[in-house]
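# An overview of the molecular structure
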Amino acid sequence: MAAAPGEPGGTGTAGAASAVLRRVPWPSALAAALVTGYVTLFVLASVHTSYDTWGALLILPALMAIGTPLLARIAAANPERDVFRLLLLAMTAKLLCAFPRYLMAFVLYGGAADAKMYHQKGSELAAYLDQADLLGGVHYDLGMKVAGTGFVIIVTGIVYAITGPSLIGGFLVFSWMGFWGLLLFWRALQIAFPEADTRKYAKLVFFLPSLLFWPSSIGKDAWMMFCLGLTTYGTARLLDRRFGAFFCIALGSVGTAMVRPHVTALAGAGLMVAYVLRRRPQQVSALGPLRTILTAVVLGAMAVLMLQQVSTFFGTDGTGGDAVNQVLSETSRRTSQGNSMINATAPEDAAPKFSLNPAGLPVAVISVLFRPFPFEASNIQNLIQSVECFALLVMFIRAWPRLSRLPRLFVQRSYVAFAAVYTLLFCWAFSTINNMGILSRERVQVLPLALVLLVVPATTAGRGRTAARRPPPVWRVSPGQWGARRTPDPPGLPPPSVPTAAPAPAVRSTAAPPSTVPPTPTVSPTSTVSPSPSTSQGGSTAP
């Protein structure tokens, strides 16, 4: 049968084209296309927009360039599999969430957000810092006290002094800051509670929509997330007796106390309980009791300072029950506004009373962690938030076998005690917030520790006794790199191979030349060994 006209030529052309396509380095071509597109976008944005917009195109790759090597270093010494890709994906997702957070604040709400004020005053402070003689002292009037809003303005001004006053760039920097706080929460769980399902925890804490979205704006939320993560990381190192614990705790506590000192007091209460329940070492040195006493004194002094800071921050007299009631009642009155109000309020001039009865704690936990419910949503934002809250409620219900172990783990694992105490106190204190929108933002300060309760080791199905504890991860680092002791080998794994001494050289026979002596044969495990009591390596029998 004759071939169709042009068929050989067509086949040759198609083969040549496929060969050319196979020789194209597609990863390099894709990278070149992305870089070309990014440069083109940057040029167009710099011509048609202000630095508020196109400055983000400089800040975003700079943050990725700084963060990627740090994540690679963390992943290289981490026992989790494929952890670098997970961390890189989490950082990318967190940075990208800064853009919808910006659109919500300045498009949906028309700029009626705290981020606008922080941006304006932070830009003024950055301009002053650029012209001021820092060695001669800084004299700048914020127009308000430093604690609280004033401190966030200072942080924003310092950021803008480095990056330049870019609004979207500021969102990116604060979102990046919040990511490192989430990473510190994850590292704290690996250090202080290695038996937990740390892989599941990483997926929850890095990709829960609330933790991705809310701490991605210029403001207090991202700063609190970073400082709370640092405090929790220091707490984990203290409970595991690692170096640098007090430095992390002090630095994180100062950062939270300058913005929301009442949250610092809640974390301090959880730390005190966890330290009391901390497992005692098997071998106690002579200075062990003295160190314990000194640590208790330092923690007590920090607690007193935090209570005084809370009293000063809220302008109350003393730190007793009346002062606490006054603060919580005033919080409920101030948040009783807008269409997202939870409960009916008293008149404007009267602060509603708040009960300190612990019997209301279960209701407070449900209100803070799982509301709004879908039928309570008053707008599209609340409806989206209610979907996440309902999913979280389902996860807690399904995790009941794990949660049933909490009373036992509370005593056995001091980090679980820290997470549980902080979660309960936070829910009790923040249940006074009477606005669902405000509650959704404030909730992110408790979610990383509340999620710890979902990843405790599960029980054995169908048996009354608990399953064997998950072996701690084997770290791929030398002792001391993370300030930790080398963990023991998990049970069930074969012991590490011990190098054996090299076999002695064979004894050469004097009757044969050295070149004719064969090498010593290796006895296989299945070969039979002569029952002779003793034989020489040269093959001759001893007399």
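Residues numbered from 1 in each chain as written. Predicted model: local features only at pLDDT ≥ 70, side-chain atom pairs only at ≥ 80, totals over all residues. Heavy atoms only, no water.

Secondary structure assignment for the protein chain yields 23 helices and zero strands. The contacts in the protein chain between residues at least 6 apart in sequence include a share of 75% that link residues at least 24 apart. Carbon and sulfur atoms make up 66% of the accessible area of the protein chain, which amounts to about 29500 Å² in all. (Helix = DSSP H or I, 4+ residues; strand = E, 2+ residues; numbered from the N terminus. Contact = heavy atoms within 4.5 Å. Areas by Shrake-Rupley, 256 points an atom, 1.4 Å probe, with all protein chains shown as cover.)

Once that is clear, we can look at the packing of aromatic side chains. On inspection of all chains with the given rule, the structure shows 18 aromatic pairs. Both rings, one in Y128 and one in Y140, keep their centres 5.1 Å apart while their planes meet at 40°; by these two values the pair is tilted. With Y128 in helix α7 (residues 114-131) and Y140 in the loop between α7 and α8 (146-163), this pair connects stretches of sequence that are twelve residues apart. An angle of 85° between the planes, with centres 5.8 Å apart, marks the rings of W176 and W180 as edge-to-face. Of this pair, W176 and W180 both sit in helix α9 (residues 167-192), four residues apart, roughly one helical turn. (Phe/Tyr/Trp six-rings, centres within 6.5 Å; stacked < 30°, edge-to-face > 60°.)

Right, let's talk about the pattern of salt bridges for a bit. Taken as a whole, this structure holds six salt bridges when the rule is applied. A salt bridge links R242 to D240, with the nearest nitrogen and oxygen atoms 2.8 Å apart. When salt bridges that share partners are traced, they join D221, R260 and E442 into one network. (Salt bridge = Lys/Arg side-chain N within 4 Å of Asp/Glu carboxyl O.)

A few words on unusual backbone geometry. In terms of backbone geometry, most residues other than glycine have negative phi values and most peptide bonds are trans. In this model, R371 is joined to P372 through a cis peptide bond whose omega is 10°. With respect to the helices, strands and loops of the structure, P372 is situated in the loop between α17 (361-370) and α18 (380-398). Positive phi is not limited to glycine here, since D82 has a value of about 50°. Of note, D82 is situated in the loop between α4 (56-76) and α5 (83-96). Residue classification places D82 among the partly exposed residues on the basis of a relative accessible area of 47%. Positive phi, close to 60°, is recorded for R241, a residue that is not glycine. (Buried < 20%, exposed > 50% of the residue type's maximum accessible area, 1.4 Å probe, protein only.)

Turning our attention to the nonpolar core. Grouped together as the largest cluster of nonpolar side chains are 112 residues, with contacts concentrated most on L183, W186, Y201, F206, L211, Y415 and Y422. Tallying contributions element by element places α9 first for this core, with 19 residues. Ignoring any residue separated from it by four or fewer positions in sequence, one finds L183 in contact with L71, I74, L87 and F206. (Core = buried A, V, L, I, M, F, W, Y, C linked by side-chain atoms within 4.5 Å.)

For the rest of this paragraph, the subject is the environment of L204. Note on placement: L204 falls in helix α10 (residues 198-207). Beyond its immediate stretch of four places on either side in the chain, L204 contacts L211, M395, L451 and L454.

Moving on to the confidence of the model for the protein chain. For the protein chain, the mean per-residue pLDDT works out to 78, and 70% of the residues sit at or above 70. Element-level mean pLDDT values for the protein chain span from 54 in helix α16 (residues 321-334) up to 97 in helix α23 (residues 447-450). Every residue in residues 460-470 scores below 50 in pLDDT, and together they form 16 contacts with partners more than four places removed in sequence or on other chains. (pLDDT = per-residue confidence, 0-100.)

As for its placement among the helices and strands, E388 is situated in helix α18. This buried residue, E388, is left without a salt bridge; R443 holds the nearest opposite charge, at 5.3 Å. Those residues in contact with E388, other than ones at most four positions away along the chain, are L208, P209 and S210. (Lys, Arg positive; Asp, Glu negative; His and termini not counted.)

Our focus in this paragraph is the packing of helix α12 (residues 220-239) against helix α14 (residues 261-276). Running from N to C, α12 and α14 cross one another at 10°; their axes reach a closest spacing of 11 Å. Taken together, the axes of α12 and α14 are roughly parallel relative to one another. Of the two possible hands of crossing, α12 and α14 adopt the one that is right-handed. Residues M224, L228, T235, L238 and L239 of α12 pack against V263, L271, A274 and Y275 of α14. For the contact of α12 with α14, the residue count by class is eight nonpolar, one polar and no charged. (Axes fitted to C-alpha atoms, helices over the stretch in contact; angles between N-to-C directions. Parallel < 35°, antiparallel > 145°, perpendicular 65-115°, else oblique. Left-handed = near helix turned anticlockwise from the far one by under 90°. Nonpolar A, V, L, I, M, F, W, Y, C, P; charged D, E, K, R; others polar.)

Another aspect to go through is the packing of α5 against α9. The interhelical angle for the contact between α5 and α9, taken along N-to-C directions, is 145°, at an axis separation of 8 Å. The crossing of α5 and α9 is right-handed. Between α5, through V83, L87, A90, M91, K94 and L95, and α9, the contact on the second element is made entirely by L172, S175, W176, G178, F179, L182, L183 and W186. A breakdown of the residues in the contact of α5 with α9 according to their chemical character gives eleven nonpolar, two polar and one charged.

Because each turn of an α-helix spans 3.6 residues, side chains separated by three or four positions in sequence point in the same direction. With 14 residues, α5 extends 20 Å from end C-alpha to end C-alpha; this agrees with the ideal 20 Å at 1.5 Å per step. Looking at α5, one finds that the buried residues are V83, L86, L87, A90, M91, K94 and L95. With its buried residues spanning 160° around the axis, α5 presents them on a single face. Residues of α5 that are exposed and point over 90 degrees away from its buried face: R85 and L89. Contacts made by the buried residues of α5 are with α4, α6 (98-108), α9, α10 and α11 (209-213). (Expected span 1.5 Å × (residues − 1). Arc of directions from axis to C-beta.)

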